[in-house]
Amino acid sequence: MAELDPFGAPAGAPGGPALGNGVAGAGEEDPAAAFLAQQESEIAGIENDEAFAILDGGAPGPQPHGEPPGGPDANSRKQEAEWKEKAIKELEEWYARQDEQLQKTKANNRAAEEAFVNDIDESSPGTEWERVARLCDFNPKSSKQAKDVSRMRSVLISLKQAPLVH
């Protein structure tokens, strides 16, 4: 039966749907069908490849570089063992470096904590404004989006230089 378009006209008939490049003809090949056929043939060629036969449990064909079909030779096993030894050695060195770096970081953190605790405990008279000044940022260009604190900054600097007398 001839194909019909949605309006009922048979394909290739005048006024019916045209095939290919607009010319009605039964001998033309559909480019999409040709592409699909080509892809299917390429896939069939890949599936018949020897690598898939080996993975599927089939008998392997000739091995590259003249290796016997039984498996890797002694040289490749020796090379693999050397790589494993080298990797283990590098991993041990990396762990040693990481441990050393961790110990240094711990020591630095302990020293910084001790200095901080000593600064907090230090409360001799007349050093209050010194301690406040250490906690403040006196760089006027540091924060453009913050409120204007120039007056407060100048008061703190003057108190630092000449503290109030009790």
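Since the structure is predicted, the reported quantities are computational estimates derived from the model, not experimental observations. (Residues numbered from 1 in each chain as written. Predicted model: local features only at pLDDT ≥ 70, side-chain atom pairs only at ≥ 80, totals over all residues. Heavy atoms only, no water.)

Engineer: Lay out the overall build of the protein with the relevant residues and their values.
Structural biologist: For the protein, the count of helices and strands is five helices and zero strands. Along the protein, helices and strands appear, N-terminal first, in the series α-α-α-α-α. By the burial criterion, 5% of the 166 residues in the protein qualify as buried. In the protein, the proportion of contacts linking residues at least 24 apart, taken out of those at least 6 apart, comes to 16%. Counting only carbon and sulfur atoms, one obtains 57% of the accessible surface of the protein, whose full area is about 14,500 Å². (Helix = DSSP H or I, 4+ residues; strand = E, 2+ residues; numbered from the N terminus. Buried < 20%, exposed > 50% of the residue type's maximum accessible area, 1.4 Å probe, protein only. Contact = heavy atoms within 4.5 Å. Areas by Shrake-Rupley, 256 points an atom, 1.4 Å probe, with all protein chains shown as cover.)

Engineer: Give a detailed account of the UniProt feature "coiled-coil region" (unreviewed entry) in the protein, specifying residues and quantitative values.
Structural biologist: UniProt feature "coiled-coil region" (unreviewed entry): in the numbering of this structure it lies at residues 88-115. Summarising residues 88-115: 100% helix, 0% strand, and an end-to-end C-alpha distance of 41 Å. (UniProt positions renumbered as here; feature names shortened; annotations may be inferred.)

Engineer: Go over a nonpolar patch on the surface with me, naming the residues and quoting the values.
Structural biologist: A cluster of nonpolar side chains, contributed by Leu91, Trp94 and Tyr95, occupies part of the molecular surface with about 340 Å² of accessible area. On the basis of relative accessible area, Tyr95 is assigned to the exposed category, the value being 51%. (Patch = residues over 30% accessible without salt bridge, like charges linked within 9 Å, V, L, I, M, F, W, Y side chains within 5 Å. Salt bridge = Lys/Arg side-chain N within 4 Å of Asp/Glu carboxyl O.)

Engineer: Describe the pattern of salt bridges, and please don't skip the residues or the numbers.
Structural biologist: A complete count under the given rule lists two salt bridges for this structure. Lys84 is the partner of Glu80 in a salt bridge, and the nearest nitrogen-oxygen pair spans 3.6 Å. With Glu80 and Lys84 both in helix α3 (residues 74-121) and four residues apart, the pair spans about one turn of that helix. Residue Glu100 is joined to Lys104 by a salt bridge in which the shortest nitrogen-to-oxygen separation is 3.6 Å.

Engineer: Summarise the packing of aromatic side chains; cite the residues concerned and give the values.
Structural biologist: The final tally for this structure, using the stated rule, is one aromatic pair. On the basis of an interplanar angle of 65° and a centroid distance of 5.2 Å, the ring pair of Trp94 and Tyr95 is categorised as edge-to-face. (Phe/Tyr/Trp six-rings, centres within 6.5 Å; stacked < 30°, edge-to-face > 60°.)

Engineer: An account of helix α5 (residues 150-161) is requested, with residue identities and associated values reported.
Structural biologist: In this model α5 runs 17 Å from its N-terminal to its C-terminal C-alpha over twelve residues, within 8% of the 16 Å that 1.5 Å per residue would give. Taken residue by residue, α5 has Arg153, Leu156 and Leu159 as its buried positions. Taken end-on, α5 shows its buried residues confined to a sector of 130°, consistent with a single buried face. Summarising the geometry of α5, the exposed residues directed more than 90 degrees from the buried face are Arg151 and Gln161. In this structure, the buried residues of α5 make contact with α4 (128-135). (Expected span 1.5 Å × (residues − 1). Arc of directions from axis to C-beta.)

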